[in-house]
Every structure is written in structure tokens, then in C-alpha cells.
Amino acid sequence: MQQELIEVDGLSKVFDGRVAVRALSFTVRAGEVVGLVGPNGAGKTTTLRTLAGILAPTAGRVQVAGHDLAAAPLEAKRRLAFVPDEPHLFDYLTSAEHLELSGRLYGVPDAAARAARLLAEFGLADRRDALPAELSRGMRQKLVIAAALVHEPDALLLDEPLTGLDPVAIRRMKETIRGWADAGHAVLLSSHLLHVVEELCDRVVVLRAGERIAMGTIAEIVAGRPGLAGRSLEDVFLALVDDPAPGAA
Amino acid sequence: MSKALGFLLARSLRNRARLTLRRLRRPSHALAVLAGIAYLAVVFGSGSSARGAAPVPGIALPVGALGLAVLVAWGWVAADAGRVLAFSPAEVAWLFPAPLTRRQLLHLKLARAQGVVLLNALLWTALTWRPGLGAAPWRRALAIWALLSVLALHRTAAALLRKGATSTGRAGLRRILPLAGLVLFAFALLAGLGGVAGGNVAAVAGPFAVLAEVLARPPFAALLWPFTLPLRPLFAGDPAAWLAAMGPVVLLLGAHYLWIVRADRAFEEAVAAHALDQLAQAPRGQSARPLPARGARAPLLPLAAARSPAAAIAWRHLASVTRRRGALLALGAWLLLIVAIAQAPAFTDLPVGETASGFALAWLALLAIVGPQLVRNDLREDLAHLSLLRVLPLRGRTIVGASAAASALVLAAGYLALAGVAAVGGARASLGLPALPAALYLLLAAPAALALALLQALVQNGGAILFPAWVRPARAGGGTAVLGTNLLTGVVSLALVAGLLLPVGLGVGAAWAGVTLAGGGAAPALCLAEAAGVLVALGEARLLAGWLGRRFERLEPGDVDPG
């Protein structure tokens with residue numbers, strides 16, 4: 001049994017009386033890629049931002065590599081990285097400086113060497129001195145993902161990581177994500193690209209209106225619904241989110 | 001503050017300076033910087049060479065304390081707490097998930113605020129420095145820095161408390177209490193002013209002396225005492241007095257710092273939620289702009305589905321104005337100020353109406369000069385979204401005309417409001433106009449104000465279309481370059497509007513002369529001259545909108561933001 005690197009227990013998040021996430025529980029183990037899927041407004045981004053420590057949960061508990069995010073936030077945050085859905089960068093830092101900043105924030109001793117390696121790995125070596133205004137959307141996205149890997153986090157949270165990337169970069173990014181998990185880290189990603197989720201993820205958590213309506217491998221989810229046997233994740237997803245009376249898995 | 005945050009601040013500052021130097025190679029940017037420096041040199045030069053009498057501490061201190069109290073109260077009652085606390089989207093995305101403490105984030109916020117405070121301290125030292133005025137320049141600079149720092153820290157602390165109150169449902173109470181205190185204070189002050197004015201107006205020299213005399217009495221003296229503390233070093237004549245006055249200010253700074261770092265837990269959540277709201281609405285690749293206050297109010301006019309596309313564009317620009325609480329509050333505050341000053345007998349021995357009329361005319365003239373650059377609810381705030389505008393199935397002249405009409409309506413409303421105050425106050429006589437009913441003047445003023453505002457708005461929009469990278473539409477910013485750009489744009493715009501008004505003036509003159517030569521009275525002459533002037537102006541506006549529309553159709557997103 002692999003170690004559980006992300007543990008979410010009864011997580012709820014309420015904004016001004018509106019429930020964005022309700023009593024959500026799931027785990028992500030080392031070496032595993034778990035997909036967070038659901039229609040718009042299902043609570044995927046709120047869940048990821050809460051797990052990243054950007055938002056405080058209204059109720060529930062989050063643990064990262066055994067550290068409680070509320071009780072020991074710094075320990076927990078040192079072991080995770082978050083890639084948001086929009087690649088927001090500092091206007092006056094170069095690509096290399098963004099990676100160096102990331103290294104300094106997480107106390108990485110050989111940040112400069114790692115930054116150089118990651119810039120080369122993500123095809124940004126010739127843009128190391130470029131400011132964000134000189135980078136395309138795809139380059140900015142790659143830079144944010146590279147920065148997330150500088151401190152080699154145990155748990156990687158990715159919100160729509162492939163948006164804005166070209167086909168070559170998508171292929172490379174999928175290999176990076178899979179390789180990261182295979183190296184013993186945990187990856188939790190949200191995506192609307194269901195074929196990517198199907199290809200990359202070991203398990204999926206399906207959300208609707210802030211509630212978990214299904215969880216497990218695609219085979220496990222389909223097993224509970226014989227009518228969906230042999231269908232793609234897209235068909236399973238549509239059947240689940242259209243189901244008027246979902247039963248939590 | 002952590003080393004990583006120090007690295008972020010230092011590198012950002014260095015790269016920003018390098019970028020600024022690189023931009024200076026562009027002639028347009030260099031010209032703007034030169035214009036800005038020239039303007040500052042003129043202002044500073046006149047300030048430092050002035051030999052006017054130094055302000056008397058006995059008057060300046062209580063009046064300054066009152067001004068400080070109003071600023072502080074404004075921070076509690078009306079300022080946007082979210083804006084004060086706002087972190088940029090990049091800061092939220094990079095720093096909030098990082099292993100940083102809340103205190104480290106607060107220190108980053110305070111360090112960034114210090115940059116603005118230092119710049120302002122230098123500016124105000126230069127602006128207010130005169131030989132023989134209170135403290136020596138370096139002591140004055142330190143005193144101004146301390147004053148501005150206390151203000152900045154207080155604003156942050158107030159914003160934190162207000163955000164905390166919002167999260168605990170006590171926001172209403174915490175906003176109402178300072179507001180109620182402010183209203184009570186204002187009433188007591190007006191009553192005090194009335195008492196002094198009713199007693200012996202002639203014995204006191206000028207309005208500020210009257211105000212200072214009232215503020216020196218109880219309870220105002222006690223209420224304003226804390227606000228005099230940060231001001232006292234400014235008036236300390238010798239080093240010993242300055243040092244003694246700085247002691248309490250340093251204590252104030254320390255107390256505010258402790259207040260902030262011990263603020264409640266709502267801080268992170270509040271600023272993160274605010275920043276996330278902002279970045280959800282910000283166009284990609286742009287800095288997020290502050291959102292209007294929660295619960296955007298309905299626009300003044302509903303948009304009917306049957307309205308024309310041009311009406312829809314104008315409606316959208318008008319709706320954006322009605323949702324800016326700060327702008328509306330500021331406008332209301334200025335109008336109230338004019339009325340309040342005019343009604344306070346202690347301030348003048350002129351009749352109330354004449355005073356109000358004079359103020360209104362002065363503001364009208366000022367609005368006519370700077371208003372077109374300030375009222376920007378038109379194409380200037382939309383050019384950043386040029387790609388979206390270009391896919392609309394509309395001709396360029398429709399987009400340009402409707403956008404300009406939106407800001408022209410706002411501008412014209414300002415003109416009319418001030419003209420109304422002036423007319424009621426009896427401006428006609430002081431301007432030497434024919435003795436006709438004030439209502440007729442107001443009726444005639446409406447189309448004239450609209451036509452003038454339309455021409456002014458078209459000129460401003462023309463600048464944004466013809467020189468998009470120069471005018472930098474919808475860009476927030478500051479610095480000498482922006483100051484110079486605004487100055488040059490303002491001067492050129494004024495000259496262009498003056499040129500456009502020449503044919504209008506000829507039309508007005510011809511109509512007036514025609515009627516009076518034919519033996520008509522003043523009223524028909526005025527009406528016909530007005531009609532002729534408005535018709536000429538509208539004709540020019542139509543031609544201008546058509547030409548600018550064609551230029552707009554050739555504009556490309558790369559022209560607006562060359563990167």
C-alpha cells in the first residue's frame with residue numbers, strides 16, 4: 001500500500017452563504033495521478049485552491065504528506081506545489097528569476113542549477129532573460145509548471161495544466177506528469193479534457209455542485225452502472241452529471 | 001521579511017528601472033518624460049522660489065489636523081478596503097501556496113507601500129519647501145515621511161479591521177459608527193462656525209482663521225489632538241523641538257505596526273478572495289483592476305433588446321460609470337462642498353448666491369479643461385479589448401460615435417450641474433448676459449453642453465485611435481512619463497478643440513448678427529445662435545466620427561499594445 005500524500009476529509013467551502021464544496025473526502029497516494037472532473041462550477045478550482053492553502057476551508061481537514069494544512073501550514077506547503085489555471089507571472093521578473101524565486105521560497109539550495117535544467121527541459125532556455133510580456137501564453141504556462149517542480153514537491157496540484165499548450169508541449173507535459181507520479185509523487189489534476197484524464201489518471205473524482213458523485217477507477221465507476229459498460233469516460237461523465245439522483249461512490 | 005521576498009522586491013525594482021531606461025530610447029517616450037520633468041521643474045521652481053508668508057502654525061496645525069481627521073474617517077467609511085489590501089494575481093498564485101507566514105506577506109505589503117510613501121515624501125518635500133518655512137529640508141522630509149507612513153499604516157489597519165468585520169458580520173456597525181461620528185462632528189463644527197460668524201466676523205482675518213479659532217475650542221481641540229501629533233514636526237522650528245515632536249510620531253508608527261501584525265485571521269482569506277475575484281475578471285495578460293463594491297448596482301437605464309447596437313455600446317459605457325461608487329461619491333462631495341462653502345457666512349462677506357455662482361463657474365472652467373481627460377468611459381477604456389470590438393458586426397464610425405457619446409453624456413451632465421448652480425446663483429449678471437429667465441439659459445445650455453462635450457470626447461478618442469501606444473488607453477500607471485503624456489495630450493487636445501470651435505463660433509456670430517441686424521430681440525437671437533452653433537458642432541462631430549471610424553477599422557491589436 002502506497003503512502004497517502006494528499007488526504008482530504010470532509011472538506012467544505014462556503015462563500016457568502018453559497019456552498020462551493022460540500023463534505024468532500026478523497027486521498028491521493030504516492031505514485032498516483034488522480035483526476036478531478038466535473039462541469040463548470042462543480043467546485044474543482046475551489047477544491048484545488050483550498051488544498052493549496054490559498055483559501056481557508058470552512059470545515060474539514062487537509063493533510064499533505066502527513067502534515068495538517070491548518071495546524072502546520074508551512075510544513076504542509078513545503079511539500080506541495082500548485083499550478084493555477086491562469087499563468088500569472090510577476091511583470092518585472094525574467095523567466096530564470098521566476099524559477100530562482102520559487103527555489104528561494106521553498107528553500108532549495110541549488111536553485112540556480114535546477115532552474116537551468118528545468119528551463120532546458122521545458123524548452124525555455126533561450127527565453128531565460130525574457131520578461132512575461134515577451135512570452136506567449138503557452139510559454140508562460142510552461143514557466144509556471146517548471147517553477148512548481150523546482151522544489152520537487154511530494155504533491156502536485158494542477159488546475160487545467162494543458163490549457164494554451166501546443167500539441168508537442170501537451171505530449172511532453174503528459175510525459176512529465178506521468179513521470180512525476182511514477183517517481184513516487186502524488187498528482188491531483190483538474191481538466192475538462194476527458195481523454196487526457198482517461199489517459200493519465202489512475203483514478204477520478206467526479207464533482208457536481210460541490211459534491212462528490214463518483215470516485216474510483218473508470219472500471220470501478222462503470223461497475224456500479226452496468227448500462228455504461230465499455231463506454232468512454234466522456235459517456236460515463238455525461239451520464240453521471242445528468243443523473244438526477246446521484247449516489248455517492 | 002523573508003530573503004525570497006527581498007529577492008522579489010529587489011529584482012523587480014532593478015528590472016523595472018532597466019525597462020524604463022530602455023523605453024527612453026523611444027522618441028515618444030523620451031518626449032513624454034521630458035515634458036513631465038519640465039512640468040515638475042516649473043511647479044517645484046515656483047514652489048521653492050515663492051516668497052509668500054509661511055503658514056502660521058496656530059492656524060495651519062488645527063486646520064491640517066481637521067484635514068487629517070477627514071482623511072482617516074474616509075478610510076473607515078468609504079475607502080475600498082479590498083483595494084488597500086489587494087495582492088496582485090501573481091502574488092496570490094505564487095506566494096499564498098508557498099511556505100510563508102501571514103506576517104511575512106504583511107511585511108511584503110508594507111514594504112511595497114513604503115516605496116509609494118518615500119516617493120510622495122520626496123515630492124511633497126520639494127513642493128512645500130520654502131526658505132524660512134519651519135523645519136530644515138531634511139527634517140521636513142522625515143516629518144512628511146512619518147506622516148504619510150502613519151496614514152498608510154492606518155489605512156491598512158482600518159482595511160484589515162473592516163475586512164475582519166465583514167467576515168464576522170459586524171461590518172455595518174463598524175462603518176456606521178465612524179460615519180455617525182463624522183456627521184456629529186460636522187454639525188458641531190457648522191454650529192461653531194455660525195457662532196463665530198454671528199459674533200464678530202470682522203475681527204478675524206480670513207476663513208481659515210475663523211476655522212482655526214473654532215477648532216481651538218472644546219470639544220474640537222480635544223477631539224483633534226491625536227491628529228495634530230503627526231503634524232507637529234512639520235512646524236518645529238529648531239532641532240530640539242523637532243526631536244521632541246517626532247517622539248510621539250514614532251510611537252504612533254510603532255502602535256500602528258503592532259496593530260497590523262496582530263490583525264485577525266481573516267486577512268489571508270480576505271485578500272486572497274479579493275485577488276481571486278479580480279483575476280477572474282481580468283483579461284488575460286493584464287493587471288487586474290479593482291472590482292466595484294460587492295453587489296453591483298443596477299444601471300440608471302435598462303437596456304431594451306430592441307435598442308440599436310450603437311445604443312448598446314453607449315449604454316455599456318454609461319453603466320460602467322454608474323457602478324463606480326468612488327467617482328460618484330467624489331462628484332457628490334464636490335457639489336456638497338461648493339454648496340457648504342457658499343452657505344457658510346463665516347467664509348465670505350459676499351451674498352451666498354454670488355459665492356456659489358463664482359465657485360460653480362470656476363469649477364465649470366476647470367472641468368472644461370481637464371474633464372475630457374478624466375472622464376474616460378469610452379473607447380479609451382475599451383481599446384485593450386480591441387480584438388473583441390473588431391469582431392462586432394458594426395462599422396467603425398458607429399463604435400467610435402457611440403463610445404464618445406457615452407463619455408460626452410457624463411461630461412455634459414457635469415457641465416449642466418455646475419451651470420445650474422451658477423445660474424441659480426445669478427451668474428448671468430456677472431457674465432454680462434442679456435436679462436432673460438434663468439430657465440431659458442438652462443434650456444439652451446443642455447444642447448450646447450452636449451455638443452461641446454461630444455467634440456471634446458471625439459478628440460480624446462481620436463488621440464487613442466491615431467496614437468494608441470502613445471495615449472496608452474485604459475492603462476493605470478504613474479511616473480514622469482505618464483505625467484508628461486497627459487500634459488502633452490491635454491495641450492494638443494485643447495488646441496484641437498479650440499480649432500473645432502472656430503467654425504462653431506462663426507456660426508453663432510453669424511446667426512446672432514443676422515437676427516439683431518434684422519431688429520430681433522435678445523431671446524430670438526440667443527436661440528438662433530444656439531441652434532446654429534449646435535448644428536455646426538454636430539456636423540463636425542459627424543465628419544470626425546466618420547473619419548476616426550475608418551481609422552479605427554484599420555487599427556490592429558498590435559498597434560494598441562506593442563509589447
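Attention here is on the structure that accompanies the text. Small disclaimer: the values here were computed from a predicted structure and weren't measured.

A separate point is unusual backbone geometry. Excluding glycine, most residues fall at negative phi; most peptide bonds, likewise, are trans. Residue and element names in this part refer to chain A. Within the chain, Ala23 stands out as a residue other than glycine whose phi angle is a positive 45 degrees. Looking at where Ala23 falls in the secondary structure, it is placed in strand E2 (residues 18–29). Overall, Ala23 belongs to the partly exposed group, with 15 C-beta atoms counted inside 10 Å.

Attention now moves to helix H9 (residues 233–242) of chain A. Residue and element names in this part refer to chain A. For H9, every residue scored as buried is listed here: Leu233, Val236, Phe237 and Leu240. The buried residues of H9 occupy an angular sector of 100 degrees when projected down its axis, which confines them to one face. Exposed and facing more than 90 degrees away from the buried side of H9 are Glu234 and Asp242. For H9, the elements touching its buried residues are strand E3 (33–37), helix H7 (194–200), strand E9 (203–208), strand E10 (211–216) and helix H8 (218–223).

All names here are of chain B. Running from N to C, helix H19 (residues 396–424) and helix H21 (residues 438–466) cross one another at 145 degrees; their axes reach a closest spacing of 7 Å. Regarding H19 and H21, the two cross each other, and that crossing is right-handed. Across the contact of H19 with H21, the residue classes break down as 22 nonpolar, five polar and no charged.

Turning next to the pairing of E2 of chain A. All names here are of chain A. Relative to E2, strand E1 (residues 4–15) runs antiparallel, the two being bridged by eight bridges. Looking at E2, one finds that Lys13 is bridged to Val21. Here E1 folds back onto E2 in antiparallel fashion, the turn holding two residues, of which Asp16 has a positive phi close to 45 degrees.

With that settled, consider the sheet that holds E2 of chain A. Residues and elements named next belong to chain A. The strand order E2-E1-E4-E5 describes an open sheet built from four strands, whose pairing is antiparallel. Of all the strands in the sheet, just E2 and strand E5 (67–68) have a single pairing partner and so form its edges. Helix H1 (residues 44–51) rests against E1, E2 and strand E4 (59–64) of the sheet, and its axis sits at about 120 degrees to E1.

At the junction of the two partners, chain B supplies 22 residues and chain A supplies 25 residues. Mapped onto the side of chain B that touches chain A, the elements with two or more residues apiece are helix H1 (3–23), helix H5 (89–95) and helix H13 (266–281) of chain B. The element contributing the most residues to the side of chain B that touches chain A is H1 of chain B, with eight residues. Looking at the side of chain B that touches chain A residue by residue, the class counts come to 13 nonpolar, three polar and six charged.

With that settled, consider the nonpolar core. Formed by 127 residues in total, the largest nonpolar core has its most connected members in Ala146, Ala155, Leu157 and Val187 of chain A. Counting residues per element, this core draws most heavily on helix H7 (residues 137–168) of chain B, at twelve residues. Core analysis: the second largest hydrophobic core is formed by 59 residues, Leu364, Ala402, Ala453 and Ala464 of chain B among them.

The next point concerns the sheet that holds E9 of chain A. All names here are of chain A. The six strands lie next to each other as E6-E7-E8-E3-E9-E10, forming an open sheet whose pairing is mixed. Two strands bound the open sheet, and with one partner strand each, they are strand E6 (80–83) and E10. Averaged over all adjacent pairs, the angle separating strand axes in this sheet is 15 degrees, with direction ignored. Contacting E6 and strand E7 (155–159), helix H5 (residues 137–149) crosses the sheet at an angle of about 175 degrees to E6.

Definitions and cut-offs
Residues numbered from 1 in each chain as written. Chains lettered and ligands numbered in written order. Predicted model: local features only at pLDDT ≥ 70, side-chain atom pairs only at ≥ 80, totals over all residues. Helix = DSSP H or I, 4+ residues; strand = E, 2+ residues; numbered from the N terminus. Buried ≥ 20, exposed ≤ 12 C-beta atoms within 10 Å, placed from the backbone. Arc of directions from axis to C-beta. Contact = placed C-beta atoms within 7 Å. Axes fitted to C-alpha atoms, helices over the stretch in contact; angles between N-to-C directions. Left-handed = near helix turned anticlockwise from the far one by under 90°. Nonpolar A, V, L, I, M, F, W, Y, C, P; charged D, E, K, R; others polar. Pairing = 2+ DSSP bridges. Core = buried A, V, L, I, M, F, W, Y, C linked by C-beta atoms within 7 Å.

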